[in-house]
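For reference, the chains in residue letters:
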Amino acid sequence: MIKDNLDSLDVRILEILSKNAKTPFLEIARICNVSGAAIHQHIQQLTANGVIKGSVFMLNAEKVGLTTCAIVGLTLSTDADTEEVVNGLKKIPEVVECHLTSGKFPITIKMYAKNNSVFLSLLKSSVLQISGVIGAESTISLQECFTRQISL
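Residues numbered from 1 in each chain as written. Predicted model: local features only at pLDDT ≥ 70, side-chain atom pairs only at ≥ 80, totals over all residues. Heavy atoms only, no water.

**What about helix 5 (residues 116-125)?**
Here is the rule we go by: Burial here depends on accessible area, computed with a 1.4 Å probe over protein chains only, as a share of the maximum for the residue type. Under 20% is buried, over 50% is exposed, and the range in between is partly exposed. By definition, any uninterrupted DSSP run of H or I lasting at least four residues is a helix, any uninterrupted run of E lasting at least two residues is a strand, and each is numbered from the N terminus. By construction, the arc corresponds to the directions joining the helix axis to the C-beta atoms. Two residues qualify as a contact provided that any one of their heavy atoms is within 4.5 Å of a heavy atom in the partner residue. Each polar contact in these results corresponds to two N or O atoms within 3.5 Å; when the atoms are within protein, one needs to be able to donate a hydrogen and the other to accept it, and residues that are neighboring in sequence are counted only if both atoms are side-chain atoms.
What helix 5 keeps buried is the set F119, L122 and L123. Angular distribution of buried residues about the axis of helix 5 spans 100°; they occupy a single face of the element. Close packing links the buried residues of helix 5 with strand 1 (68-76), strand 3 (107-113) and strand 4 (133-141). Where helix 5 begins, the capping side chain belongs to N115, and its oxygen is found 3.0 Å from the backbone nitrogen of S117.

**Things to note about the sheet that holds strand 1**
Remark on secondary structure: sheet strands pair via backbone hydrogen bonds, oriented parallel or antiparallel. Formally: Two strands qualify as a pair provided DSSP detects at least 2 bridges between them. Interaxial angles span 0 to 180 degrees and are taken between N-to-C directions of axes, which are lines fitted to C-alpha atoms, for helices over the stretch in contact.
Taken in spatial order, the four strands make up an open sheet running 2-3-1-4, and their pairing is antiparallel. Each end of this open sheet is capped by a strand with a single partner; those strands are strand 2 (95-100) and strand 4. Ignoring strand direction, the axes of neighbouring strands in this sheet form an average angle of 20°. By the bridge criterion, eight bridges tie strand 1 to strand 4 in an arrangement that is antiparallel. If you follow L76 over to strand 4, its bridge partner there is V133. Against the sheet, helix 5 contacts strand 1, strand 3 and strand 4, and its axis sits at roughly 135° relative to strand 3.

**Some details on the packing of helix 2 (residues 25-32) against helix 3 (residues 36-48)**
To keep it simple, the criterion reads: Roughly parallel covers angles under 35 degrees, roughly antiparallel covers those over 145, roughly perpendicular covers 65 to 115, and oblique covers all other angles. Throughout, the ten residues Ala, Val, Leu, Ile, Met, Phe, Trp, Tyr, Cys and Pro are labelled nonpolar, Asp, Glu, Lys and Arg are labelled charged, and all others, Gly among them, are labelled polar.
The interhelical angle for the contact between helix 2 and helix 3, taken along N-to-C directions, is 110°, at an axis separation of 8 Å. Classified by the angle their axes make, helix 2 and helix 3 are roughly perpendicular. Here helix 2 contributes F25, L26, I28, A29 and C32 to the contact with helix 3, which in turn contributes G36, I39, H40 and I43. Classifying every residue of the contact of helix 2 with helix 3 by side-chain character gives seven nonpolar, two polar and no charged.

**Re the packing of helix 1 (residues 8-19) against helix 2**
The condition that has to hold: Put simply, a crossing is left-handed when the front helix is turned counterclockwise from the back one by less than a right angle, and right-handed when it is turned clockwise.
It is at 11 Å that the axes of helix 1 and helix 2 come closest, and there the two elements cross at 130°. For the element pair helix 1 / helix 2, the angle class is oblique. Like other packed secondary-structure pairs, helix 1 and helix 2 cross with a definite hand, here right-handed. Side by side, helix 1 and helix 2 meet where L9, R12, I13, I16 and L17 of the first sit next to I28, I31 and C32 of the second.

Read these as spatial facts, not as claims about activity.
Here you go:
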């Protein structure tokens, strides 16, 4: 399901939920001037089609003691199995994002750690121990200026 297949109600629902995922269905129904059942049905369909991937509470990493955020580009051996590397990264809780990328690094990850020392330890003891990973180049985030939902 792509944007061309979204009707105007779908788009309006997504706009509302992307601003506040906790908006009650009945409130969305009131805003959209339709029944709560219609909203429920549209949201179920959007979820079933993969347009809505879920809803989460976003934790403030710094407030929960994770003061180091790093973006890490991984270098892989020529015979590395990308799927195997990704599966290995999934086992590391501190890795919160993983992207297959073009350019210098075939995989780029985002990870959080308590501090720089712990980050370095995790990098050496976990990430660089995954079969097929032969190097890493990290950039430490000094401050997150903003993060936002995609817009339609």
